[in-house]
Each structure stands twice: as C-alpha cells, then as structure tokens.
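# Close look at the chain arrangement
Below, each chain spelled out in residue letters.
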Amino acid sequence: MNIRCFQRNFSAALPPLVPLQLPSPMETHLWYIMPDEVKNSALLNQYSELLSSCERESVSRMSGDQLKKRALLARALVRTTIARYQTNCQMNPRSLRFRKNLYGKPEVEWRNEDNFSPPPLHFNISHTSTMIACGVTVNVPIGIDIEEKQRRTKNNIIAFAQRYFSPYEVKVLTAISDPEVQRQEFIKLWTLKEAYVKALGKGFSAVPFKTFTIRFRDTTMRNFHPPGSSVSEESDIVVESSEDPTNPANNWQCALLEVAGSHYGAICMEKDRIAGENAPMKLTVWKTVPFVEDVCVSGTDAVLVLGGIIEQ
Amino acid sequence: MLKQKVRRRIRHRFLIFIRFPTLSYQSLTFLTAKRKRLLQVSSRGKRRELSIEMAAVRGALLKHLRVNATPLPLLRNPKTTPNGIFNVTFNAVRRFSDEVMGSFLDKSEVTDRVVSVVKNFQKVDPSKVTPNAHFQKDLGLDSLDTVEVVMALEEEFGFEIPDNEADKISTINHAVEFIASHPQAK
C-alpha cells in the first residue's frame, strides 16, 4: 500500500483538503485568491509550512511584505489546488515537486512510483497585486493571464502597440477614439497575447508578440445549444500566426473574462481533438482561500464572459 | 615600390577622412598608426584588445569632435576645403559609419542612466532600485511593466532591443551589461 495515502493529517491545526474532481476534456478550472482578504498571520504561517525549503527561501528573499505575501499565496494556491485533484488518495501538498521546462514554464514533477498513475494535469498561474489565479486543465496545456482593469501604462498605447503588437492589432486599437475604451481594449489584448504565449510554454522569445494576431470574430455559424445550458457566445477569439503556417494556431482556444469586477483574465488552452472543432470551452471558476473556503462564482456577476465560446 | 606604399597610405587616409571628415590631421595620424598596428598584430586576443582600445579612443575623440563639428553645406568653398566635393557623401557615409562602428558607453554612466529610468516608474519604490535589483523579485514588476521598462531603455539609449534579448533582461545589471556591450547605444 502506498504510504502517502496515510498522510492525511499533516498538521494538527489545518483541516484536510477537500478533494476535487478532475476537469473534463475541454474544461478549465480557474481558481483565484484575493491576497488582501487573507490577513490571518497564523494561516499564512501554515501556508509557509507547505512550501519546499527552496520556495520558502525565494519567498524570504523578496523585498517587501506585500511581495512576500503574494509569492507565498501563489505557491500555496498551486500546491493545495493540485493536491486536491488526486484521484487515488489524498496527496500532501508539501510533497508535490515542481520543476521548470526547458523554457522556464513551471510544471509538476510527478514521481514515478508503483500504483501511482499521475493525473495528466496542466496548470498555469498569474498574479497581480490584488489577485492570484491558477488555471487547471487535463491533457492539454493551458496559459492564463490576469491584469487589473484600471491598469495604466507609462507609454502611449499606440506607441506601445506599434512596437510590440501586430499591424492588424495596431489598426484595431488606433480605430478606437475613446481613450478609456482604447486603454481597456489594449489591456484585454495584452492578457490574451500573454495567455497564448504562456500556454505555448516556449518563452516570449520563441513567439514574439508581433508574430501573431489575436482577433475577435463574430460567430456567424451559431451552433444549436440545448435550452437550459448557459453558453455565452460573444465573438469568438482567433489566434493567427503570421510566421508559422505549418503550425496552425487554430488548435488553440481562447477566452476573455472580467473577474470579480476588477480584473481582465484571459485563458488559452489547446483544443482537445476528440471533443471536436467547435465545442465550447467549459469553464468553472472558484474564489478560494485554501483550507478555509471555496466559493463557486461561475454564472454570477463575478465572472463575465467578454470573448470566446464559453459554457459555464 | 615607393609609389605603391604612398598610394596605399593616401588611400588609407582618404578612407579615414570619409569616416571622420572633421578630424584634424594630427588625430588622423594617431588613429591610422593605431590601426596599422592593429592590422599587424596576429593574435586574436591582442587584436581584440587593440580594437576595443581603438574604439574607446575613437569614441573619446568623436565625443570631443562632435561638439565642434557642423555639417558642411554642399557648395561652401569647394576649393579651400580639401574634401569639398565629397561633402554630401561624407555626411551620408558618416551616418552609416556611426551606426556600424559606434562606440561603447561607459558602464557606470549606463548604470546611472538605467537606474534613473527605472526610478521614474510610478509603480517602483525608488529606494529599492539598486544595480542588483531584480525587476520581479525586488521591484514587484510584472511582465507588462518589464516590457515598459525595456521600451523606456530603448528610448533613453536610442536603439532597439530585440525581443529575444529583452527576454533575458530581468535585473538592472542585465540591462546595464547588455547596453554597455552594444555599440549602437547612445
């Protein structure tokens, strides 16, 4: 019998983690935490216990309490979330190991042991100063990015876009006359592009922002959906690669959300070939504080779909 | 035999003139002597040393000369100026050679300028900006901020930083190293 199965109570003070069901194919689970709402220092200390000594060291090396807390919560969120998806038995979040792929994208390092088949989980995290988010999928890679809605850029938006975005995107942004709307569209575009690059997992230099275009396409062919299902069909989001025609980017599905009224979030995941070309992306969103509470916010005002074909 | 040597020397000086039209004769001979030595040196390491030295000397000379130089108008006394008829080509070629040859900036000057660019960011706490500061871990900048920093550095130093290089710039020191070793930085 696997010894790990017996390690249920890793700390007398912490309750056991509530197990979770794996996402289905074409489904994304999005977990987010608001650092400002986590103030209990005892809880933060317990999170610190979950980290590996390497992680704890890198957290302590960050300068400033806010940065330390953010880094700590990000690691704790990832560890507890992944640990909850174990199908066989409860896994101790402390015993999870992580590594970076060749290009620096973090992934779980599953240990090869008997009677333990690791779930094909993929995850990606993103954080701002007021929110930390973690997206989880099975079988397919995922990339997410969140940005504060009110975020200002130092540079002029069009100058920035001309330097980093593709010509089509610059055209779209320049056509917007209202500077506030332009700024918002810029942030949305940035999150989408970043999510795509993170999903690809090859680093920014492999896929410079200028080499692909993200465009919103009105869905003319509306698929029939059974009544009662909550499928949002805003315009579809399409990724076009201008440089690599051999690798068509239409096997990536993107979604754009407004989360908690304060952030734009973008999710990009590879399409599952079995599920079909036009299958909507299934999405479930939780607001969480590890060990304390999960609140499912899908279908509420906390999650507004701004782009992509999403089923919540 | 003599004629060939003289011809070569003249052609050499002429080529230097094209690159540095406002050089005085003394500075010109100094540079050509160094260059001659450079061409004679066989070892790659020594040649590199010399060429860096030469670049530094050239840079210092140019900095001094640039202050005084004015672009020569096309028809100003073509008889009195020795290279009068080549004025237009000089200016055009000079610009080209500036881009190609350029000069390396002094590291401490680069550090000061990079630090002041980063301190200018509203999001950044100026007291945390040290030469060793890491953009993410010390200054709390995210990817969009880092891209904005790179853009601001491009503006400050007047050259474009390619994406694959920008990817590696995660600390102030990285930025300084990259810029100080780039001849196109101004």
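Everything numeric here is computed off the predicted structure, so don't read it as measured data.

Criteria and thresholds
Residues numbered from 1 in each chain as written. Chains lettered and ligands numbered in written order. Predicted model: local features only at pLDDT ≥ 70, side-chain atom pairs only at ≥ 80, totals over all residues. Heavy atoms only, no water. Helix = DSSP H or I, 4+ residues; strand = E, 2+ residues; numbered from the N terminus. Buried < 20%, exposed > 50% of the residue type's maximum accessible area, 1.4 Å probe, protein only. Areas by Shrake-Rupley, 256 points an atom, 1.4 Å probe, with all protein chains shown as cover. Contact = heavy atoms within 4.5 Å. Expected span 1.5 Å × (residues − 1). Polar contact = N/O pair within 3.5 Å; in protein donor to acceptor, adjacent residues only side chain to side chain. Core = buried A, V, L, I, M, F, W, Y, C linked by side-chain atoms within 4.5 Å. UniProt positions renumbered as here; feature names shortened; annotations may be inferred. Patch = residues over 30% accessible without salt bridge, like charges linked within 9 Å, V, L, I, M, F, W, Y side chains within 5 Å. Salt bridge = Lys/Arg side-chain N within 4 Å of Asp/Glu carboxyl O. Lys, Arg positive; Asp, Glu negative; His and termini not counted. Charge placed at Lys NZ, Arg CZ, Asp CG, Glu CD. Buried area = accessible area lost by both parts, 1.4 Å probe. Nonpolar A, V, L, I, M, F, W, Y, C, P; charged D, E, K, R; others polar. pLDDT = per-residue confidence, 0-100. Pairing = 2+ DSSP bridges. Axes fitted to C-alpha atoms, helices over the stretch in contact; angles between N-to-C directions. Phe/Tyr/Trp six-rings, centres within 6.5 Å; stacked < 30°, edge-to-face > 60°.

### Quick look at the overall build of chain A
Summing up its helical and strand segments, chain A has six helices and 15 strands in all. Counting only residues that meet the buried cut, chain A has 55% of its 312 residues in that class. For chain A, the exposed surface amounts to about 14700 Å²; the carbon and sulfur share of it is 52%.

### As for the overall build of chain B
A count of helices and strands for chain B gives eight helices and zero strands. Helices and strands appear in chain B in the N-to-C order α-α-α-α-α-α-α-α. Looking at chain B residue by residue over its 186 residues, the buried ones come to 39%. Once local pairs closer than 6 in sequence are excluded, the contacts in chain B between residues at least 24 apart make up 54%.

### Some points on helix α6 (residues 179-200) of chain A
All names here are of chain A. If you check α6, its first and last C-alpha atoms are 32 Å apart, about what 22 residues at 1.5 Å a residue would give, namely 32 Å. With respect to burial, α6 is a largely interior element, 17 of its 22 residues being buried. For α6, the N-terminal cap is Asp178; the gap from its side-chain oxygen to the backbone nitrogen of Glu180 is 3.0 Å. Immediately downstream of α6, the backbone of Gly201 shows phi near 70 degrees, a positive value.

### Some thoughts on the nonpolar core
Counting 63 residues, the largest nonpolar core has A:Phe165, B:Val114, B:Val118, B:Phe157, B:Ile172 and B:Ile179 as the members making the most contacts within it. Element by element, the count of residues in this core is highest for α6(A), at 10 residues. Discounting chain neighbours no more than four positions away, the residues touching B:Val114 are B:Leu153, B:Phe157, B:Ile172, B:Ala175, B:Val176 and B:Ile179.

### Side note on the environment of A:Asn92
Following the sequence through the fold, A:Asn92 ends up in the loop between α3 (65-84) and β2 (97-100). Taking the C-alpha atoms as reference, A:Asn92 lies 24 Å from A:Met34; in sequence the two are 58 residues apart.

### A few points about the UniProt feature "domain: Carrier" (unreviewed entry) in chain B
Feature annotation in UniProt places "domain: Carrier" (unreviewed entry) on residues 108-183 of chain B, given in this structure's numbering. Regarding residues 108-183 of chain B, the helix share stands at 53% and the strand share at 0%, and the terminal C-alpha atoms are separated by 16 Å.

### What to know about a positive patch on the surface
A cluster of basic residues, B:Lys5, B:Arg8, B:Arg9 and B:Arg11, forms a positive patch on the protein surface. Tracing the sequence through the fold places B:Lys5 in helix α1 (residues 2-19).

### Some points on the interface of chain A and chain B
Counting residues at the interface gives 24 residues for chain A, matched by 24 residues for chain B. When residues of chain A are sorted by the area they lose upon contact with chain B, A:Arg151, A:Lys154 and A:Arg163 head the list and together hold 29% of the total. Where chain A touches chain B, the interface holds three salt bridges. The salt bridge partner of A:Arg163 is B:Glu154, with a shortest N-O separation of 2.5 Å. Joining chain A to chain B, the criterion identifies 10 residue pairs in polar contact (both at pLDDT 80 or more). At four residues, the largest contribution of residues to the side of chain A that touches chain B is made by helix α4 (residues 157-164) of chain A. Residues belonging to the side of chain A that touches chain B are distributed by class as follows: 10 nonpolar, six polar and eight charged.

### Quick notes on the confidence of the model for chain A
When the pLDDT values of chain A are averaged, the result is 83; 84% of them are 70 or greater. In this model residues 1-12 of chain A is a low-confidence stretch, pLDDT under 50, and it forms 15 contacts with partners more than four residues away in sequence or in other chains.

### Details of the side chain of A:Thr80
Residues and elements named next belong to chain A. Residue placement: Thr80 occurs in helix α3. Classification of Thr80 by relative accessible area gives buried; the value is 3%. Only 3.2 Å separates the side chain of Thr80 from the backbone oxygen of Leu77, close enough to count as a polar contact. Dropping the residues within four chain positions of it, Thr80 is found in contact with Leu17, Leu50, Pro93, Pro290 and Phe291.

### Some details on the pattern of salt bridges
Pairing between side chains of opposite charge can happen when the charged atoms of each approach one another. Residue and element names in this part refer to chain A. Enumeration over the complete set of coordinates arrives at 22 salt bridges over all chains. Residues Glu180 and Arg183 are paired through a salt bridge, measuring 2.6 Å at the closest nitrogen-oxygen approach. Within this pair, Glu180 and its partner Arg183 are both found in helix α6, separated by three residues, close to a single helical turn. Residue Glu180 is classed as partly exposed on the basis of its relative accessible area, which comes to 31%. On the basis of relative accessible area, Arg183 is assigned to the buried category, the value being 5%.

### Observations regarding the sheet that holds strand β6 (residues 142-148) of chain A
Residues and elements named next belong to chain A. If you trace the four strands from one edge of the open sheet to the other, you get β6-β11-β10-β14, paired in antiparallel fashion. Taken across any chain shown, the strands that pair with only one partner, and hence form the sheet edges, are β6 and β14 (303-307). For this sheet, the mean inter-axis angle between neighbouring strands, taken without regard to orientation, is 25 degrees. Relative to strand β11 (residues 263-270), β6 runs antiparallel, the two being bridged by seven bridges. Bridge pairing links Gly143 to Cys268 in β11. Against the sheet, α6 makes contact with β6, β10 (252-259), β11 and β14, and its axis sits at roughly 155 degrees relative to β6, the strand it touches most.

### Comments concerning the environment of A:Ile33
Residues and elements named next belong to chain A. Counting through the fold element by element, Ile33 comes out in strand β1 (residues 27-33). Sequence spacing of Ile33 and Tyr103 is 70 residues, and the spatial spacing of their C-alpha atoms is 27 Å. Once residues within four sequence positions are removed from consideration, Ile33 is found in contact with Val38, Leu73, Leu77, Thr130, Met131, Ile132, Thr288, Val289 and Pro290.

### Regarding the packing of aromatic side chains
Residues and elements named next belong to chain A. With the rule as written, the count across this model stands at 13 aromatic pairs over all chains. An angle of 45 degrees between the planes, with centres 5.2 Å apart, marks the rings of Phe160 and Tyr164 as tilted. With Phe160 and Tyr164 both in helix α4, this residue pair falls four residues apart, about one helical turn. A residue is classified by how much of its surface remains accessible, and Tyr164, at 7% relative accessible area, is buried. Taking the centre distance of 6.0 Å and the plane angle of 90 degrees together, the rings of Tyr196 and Trp252 count as edge-to-face. A residue pair is termed long-range when its members are at least 10 positions apart, and Tyr196 in helix α6 and Trp252 in strand β10 qualify at 56 residues.

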